[in-house]
Amino acid sequence: MLSPPSSVAADRPAGPAGESDPDFVAFRDLVIEFGTGEWTVRALDRISLTFARGEFVCIVGPSGCGKTTMMQTLAGFLAPTSGRVEVEGKPVGPPGPDRGVVFQQPALYPWLTVEANAGFGPRMRGIGRAETAETVAHYLKLAGLWEFRARYPYELSGGMQQRLAIVRALANHPRLLLMDEPFGALDALTREKMQEELHGVWRRTGMTILFITHSVEEAVYLGTQVVVMSPRPGRILETIAVPFARQAGDRDIRAIKGSADFVATRERVLSLIWGMAHD
Amino acid sequence: MATRSPRPLVWPYTVLSVATLLGAWTLVTVEGWVSPLFMPTPLAVWRGFFDLADSGYNGVPLGWDVTISLVRVFAGFGVGAVCGSLLGLAMGTWKGLDAVADPFIEFLRPLPQLGYLVLLIIWFGIGETSKIMLLFLTALPVTAVAARDGVRGVPEQRVQAARALGASSHQIFWFVILPAALPEIFIGLRLAIGLVYATLIAAEILAGSDGIGWMVFNAGRFLRADYVFVGVILIGLMGVALDRALVLAERRIVHWAGR
Ligand SMILES: Nc1ncnc2c1ncn2[C@@H]1O[C@H](COP(=O)(O)OP(=O)(O)OP(=O)(O)O)[C@@H](O)[C@H]1O
Ligand SMILES: [Mg+2]
């Protein structure tokens, strides 16, 4: 469904060398502290995590364990107190279009039409009108927003707004997509539909995605890896490889979530999180 | 575009209330319950309006009084609001400038305009300069504070999203911060036009030789209640028109405000 248009696939920074790079993204001994002196809060304590291109990494953990902080560091909004965050072996710089970001609240621009919102990134980067229009049309059609292109964001439902925020990030052809609880504000049904759509995007583009969620079920359904974090100070408790996202065939989302394997994995992750709560 | 929900019919009530007032006015004046010295009949006001429109007041045509008042409003409000909004945008963007300008703005804002009119007259004389300066100083702080608060109120995530989409600082200002602050800027403009207009009328009464405010005051001194009524009604209608014009512009330009 959501594959890039042919003219777009060419400038995608994928390569034979990159495909097998296990350290495509690397957090190395990352420490993030907020405040100074007595009021220093250590949000992340020596986080180390690497993953390859094409992975769908889901981060779960109790509130305040540093998930957002981790993502913001990779996005470039925060600088490490110590340690490093690298993409393709190079330390990440300031925020840029190579790392698309989707927030819990869509953060769209209500003064721009749906189409102009989707094309905001290419327009800022000085991409030509024709090329921008082509990319935007492609993603809007695939996200089911094409009929709404002349509308304004406040005329869309919550789910449509979040789809538009994802389209906006994808229109830049980022090599990494960072999502911070993107479906947290949606109702259960819309949320499952969005999960299916995002899964489709990932399957067809091979995009590398870092995805933060409070829903263990969502993480186990979407992720190739589920990273479980513990709070105060934020640490990685365990990284679990999950098979469901890569399973062949267009299986029904309810069938997958109802399967014994899925339930067992979900319970395992949940018991890890519960284990922390009882300490 | 957005579907409009069926609104209850309200205009008959508006017509009814205005008609009631006119009726009461006619009754008390025609029956002579109130002396015409205090309150002329509606018909006398109507005649007074045509008197003034035909031959002017004290040799000054009514059209001139209205025009000169509007010119003062537009000059003072226009320059003051543009400067104030730009200053506010800059103050919201640069903390240093805010620290420098804030004490003056905060001092000027609650200061009654007529309190320093005398100073302006001493400095600039009784002519147009002091009046337009007064209106400029009236519009400036209100619009500056609104624009600054507008910039400060831009949600952090909107800026973060723009940065992650590849926008430069300049682009973020023009394409994110400025539009995001526009609804607040418009609130400032509406506050300012009301203040400027009220200040102008008072200034014309205190230190004028023409203008609609001066005309009303002067007619009052000669106990021409009919002319005073014409003037007051005109002042009211012009004020409503100025505000409506801004509301219309606001609805067109910041259609997303509050959504
Ligand atoms: N700007 C900041 N200043 C001070 N402390 C902060 C700041 N941002 C985050 N923290 C602290 O860092 C810790 C991690 O916060 P973070 O927002 O990353 O958690 P989270 O895992 O995303 O939580 P949630 O699931 O509730 O979104 C918290 O203890 C929080 O109080
Ligand atoms: Mg968070």
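Residue numbering note: each chain is counted from 1, following its sequence as written. Chain A is the first chain written and ligand 1 is the first ligand written, with later ones labelled in order. Confidence filtering applies because this is a predicted model: local features only for residues at pLDDT of at least 70, side-chain atom pairs given and counted only at 80 or more, and all residues used for totals across whole chains, interfaces and linings. Heavy atoms throughout the structure, all of them, feed into the side-chain values; hydrogens and water do not.

Draft legend 1. View of the interface of chain B and chain A. In this description, contact between two residues means that some pair of their heavy atoms is separated by no more than 4.5 Å. Contact with chain B, which involves 20 residues of that partner, is made by 25 residues of chain A. Put simply, buried area is the surface a 1.4 Å probe can reach on two separate parts but cannot reach once they are joined, added for both. In total, chain B and chain A occlude about 2200 Å² of area from one another, counting both sides; carbon and sulfur atoms represent 65% of this. Salt bridges are defined by distance alone: a side-chain nitrogen of Lys or Arg within 4 Å of a carboxyl oxygen of Asp or Glu. At the junction of chain B and chain A, the tally comes to zero salt bridges. Distance and chemistry together define a polar contact, namely a pair of N or O atoms within 3.5 Å, with one atom able to donate a hydrogen and the other to accept it when in protein, and with adjacent residues in sequence counting only for side-chain atoms on both sides. For the pair chain B and chain A, the number of links is eight residue pairs in polar contact (both at pLDDT 80 or more). Starting at the N terminus, helices and strands are each numbered in turn, a helix being any DSSP run of H or I of at least four residues and a strand any DSSP run of E of at least two. Elements with a contribution of two residues or more to the side of chain B that touches chain A: α7 (156-164) and α8 (169-207) of chain B. Broken down by element, the residue count for the side of chain B that touches chain A peaks at seven residues, all from α7(B). Any residue that is not Ala, Val, Leu, Ile, Met, Phe, Trp, Tyr, Cys, Pro, Asp, Glu, Lys or Arg is counted as polar, Gly included; the first ten are nonpolar and the last four charged. Each residue belonging to the side of chain B that touches chain A can be placed in one class, and the counts come to twelve nonpolar, five polar and three charged.

Draft legend 2. Geometry of the site of ligand 1. All names here are of chain A. Every residue lining ligand 1 is accounted for by Phe-34, Ala-43, Ser-63, Gly-64, Cys-65, Gly-66, Lys-67, Thr-68, Thr-69, Glu-181 and His-214. Separating an oxygen atom of ligand 1 from a side-chain N or O atom of Thr-69 is a distance of 2.5 Å. In the environment of ligand 1, an oxygen atom lies 3.5 Å from a nitrogen or oxygen atom belonging to the side chain of Glu-181. Across the complex, the protein chains shield 61% of the 640 Å² of accessible surface that ligand 1 would expose by itself. The near set for a molecule or strand comprises every residue that places at least one heavy atom within 4 Å of it. Using the Shrake-Rupley algorithm and a 1.4 Å probe, accessible areas are obtained, with residue cover drawn only from the displayed protein chains.

Draft legend 3. Structural detail: α8(B). Given a helix with a known number of residues, its expected span is that number minus one, times 1.5 Å. For α8(B), spanning 39 residues, the distance from its first C-alpha to its last is only 48 Å, which falls clearly below the expected 57 Å at 1.5 Å a residue. Roughly 45 degrees is the biggest bend found in α8(B), and it falls at B:Leu182, with proline B:Pro183 one to four residues downstream. For a residue, the bend is simply the angle between two axes, fitted respectively to the seven-residue segment ending there and the seven-residue segment starting there.

Draft legend 4. Here's a closer look at the sheet that holds strand β9 (residues 225-230) of chain A. Residues and elements named next belong to chain A. Two strands are said to pair when DSSP picks up at least two bridges between them. In space, the six strands of this open sheet follow the order β6-β7-β8-β3-β9-β10, with mixed pairing throughout. The open sheet is flanked by β6 (99-102) and β10 (235-241), the only strands paired with a single partner. Direction aside, neighbouring strands of the sheet carry axes that sit 15 degrees apart on average. As paired elements, strand β7 (residues 176-180) and strand β8 (residues 208-212) share five bridges and run parallel to each other. For Leu-178, the partnering residue across the bridge sits in β8 and is Leu-210. Most of the contacts of helix α7 (residues 158-170) go to β6, to which it runs at about 170 degrees, and overall it touches β6 and β7. Across the sheet, helix α8 (residues 188-205) is in contact with β3 (56-60), β7 and β8; its angle to β8 comes to roughly 155 degrees. Here, axes are lines fitted to C-alpha atoms. For helices the fit covers the stretch in contact, and angles between N-to-C directions go from 0 to 180 degrees.

Purely geometric numbers; function is a separate question.
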